[in-house]
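Single-letter residue listing:
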Amino acid sequence: MIPAVISVSVEAEASPARVFAVLTDWPRHDEWMVLTRARVTAGDGRSPGSRLAAFTGVGPVGFLDLMEIVEWDPPAAVAVRHAGRLVRGTGIFRVLPRQGGGSTIIWEEELDLPFGPVGRAGWPLLRPVCEALFRLSLRRLADLSTD
């Protein structure tokens, strides 16, 4: 199976430490990640092995993304393994210092597409939508981090 890959980035005025702190404050995800609420379900949420659950949708309509933190390197990176029924693969957020101050926030996902051939056929149409929503979410994260 060929994984679906998404990589988007935005610039932030806030320091990497500040961006990383907001990014990994899991209950605050609904403040910046489009249509998503997250919570820690096991562990401290700040170390490998911790588990997270994120619901993406409107009201009761949506999907649950179950994740395990597999890399924790503050303030530079946090990576998760998606292990839900619909979303599977890996995701990583990187927060890099910018020369002169601020940060570059990078969100990368390598996902196994669901729904077999239908999922693969639909990916070229879905990918630009996902990228736009990811970029919007990162812009919101950047703005929230400067407060």
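Residues numbered from 1 in each chain as written. Predicted model: local features only at pLDDT ≥ 70, side-chain atom pairs only at ≥ 80, totals over all residues. Heavy atoms only, no water.

(A) How the structure looks around the nonpolar core. Within the largest apolar cluster, 33 residues are counted, with the highest numbers of intra-cluster contacts made by L23, W32, V78, F93, I105, L138 and L141. If you tally residues by element for this core, the top one is helix α2 (residues 116–145), at seven residues. The residues contacting I105, other than those within four sequence positions of it, are V8, S9, V10, A12, V19, R94, L138, L141 and A142. (Core = buried A, V, L, I, M, F, W, Y, C linked by side-chain atoms within 4.5 Å. Buried < 20%, exposed > 50% of the residue type's maximum accessible area, 1.4 Å probe, protein only. Helix = DSSP H or I, 4+ residues; strand = E, 2+ residues; numbered from the N terminus. Contact = heavy atoms within 4.5 Å.)

(B) A look at a nonpolar patch on the surface. A contiguous nonpolar patch, built from L126, V129, L133 and L136 and spanning about 310 Å² of accessible area, is present on the exposed surface. With respect to the helices and strands, L133 occurs in helix α2. Here L133 falls in the partly exposed class, since its relative accessible area comes to 38%. (Patch = residues over 30% accessible without salt bridge, like charges linked within 9 Å, V, L, I, M, F, W, Y side chains within 5 Å. Areas by Shrake-Rupley, 256 points an atom, 1.4 Å probe, with all protein chains shown as cover. Salt bridge = Lys/Arg side-chain N within 4 Å of Asp/Glu carboxyl O.)

(C) Here's a closer look at the sheet that holds strand β6 (residues 88–97). An order of β1-β7-β6-β5-β4-β3-β2 is seen for the seven strands of this open sheet, with the pairing classed as antiparallel. Single-partner strands in this sheet number two, and they are β1 (4–12) and β2 (36–42). Along the sheet, successive strands turn relative to each other by an average axial angle of 20 degrees, direction set aside. Sheet topology places β1 next to strand β7 (residues 103–112); nine bridges connect them, and they run antiparallel. Its bridge partner lying in β7, A4 is registered against L111. Contacts from helix α1 (residues 16–23) reach β1, β4 (61–73), β5 (77–83), β6 and β7, with the element oriented near 150 degrees to β6. (Pairing = 2+ DSSP bridges. Axes fitted to C-alpha atoms, helices over the stretch in contact; angles between N-to-C directions.)

(D) Summary view of the environment of R127. Structurally, R127 is set in helix α2. Looking at R127, the relative accessible area reads 35%, which means it is partly exposed. Taking the C-alpha atoms as reference points, R127 and R51, separated by 76 residues in sequence, lie 26 Å from one another. In this structure the side chain of R127 is engaged in a polar contact, spanning 3.3 Å, whose partner is the backbone oxygen of V5. (Polar contact = N/O pair within 3.5 Å; in protein donor to acceptor, adjacent residues only side chain to side chain.)

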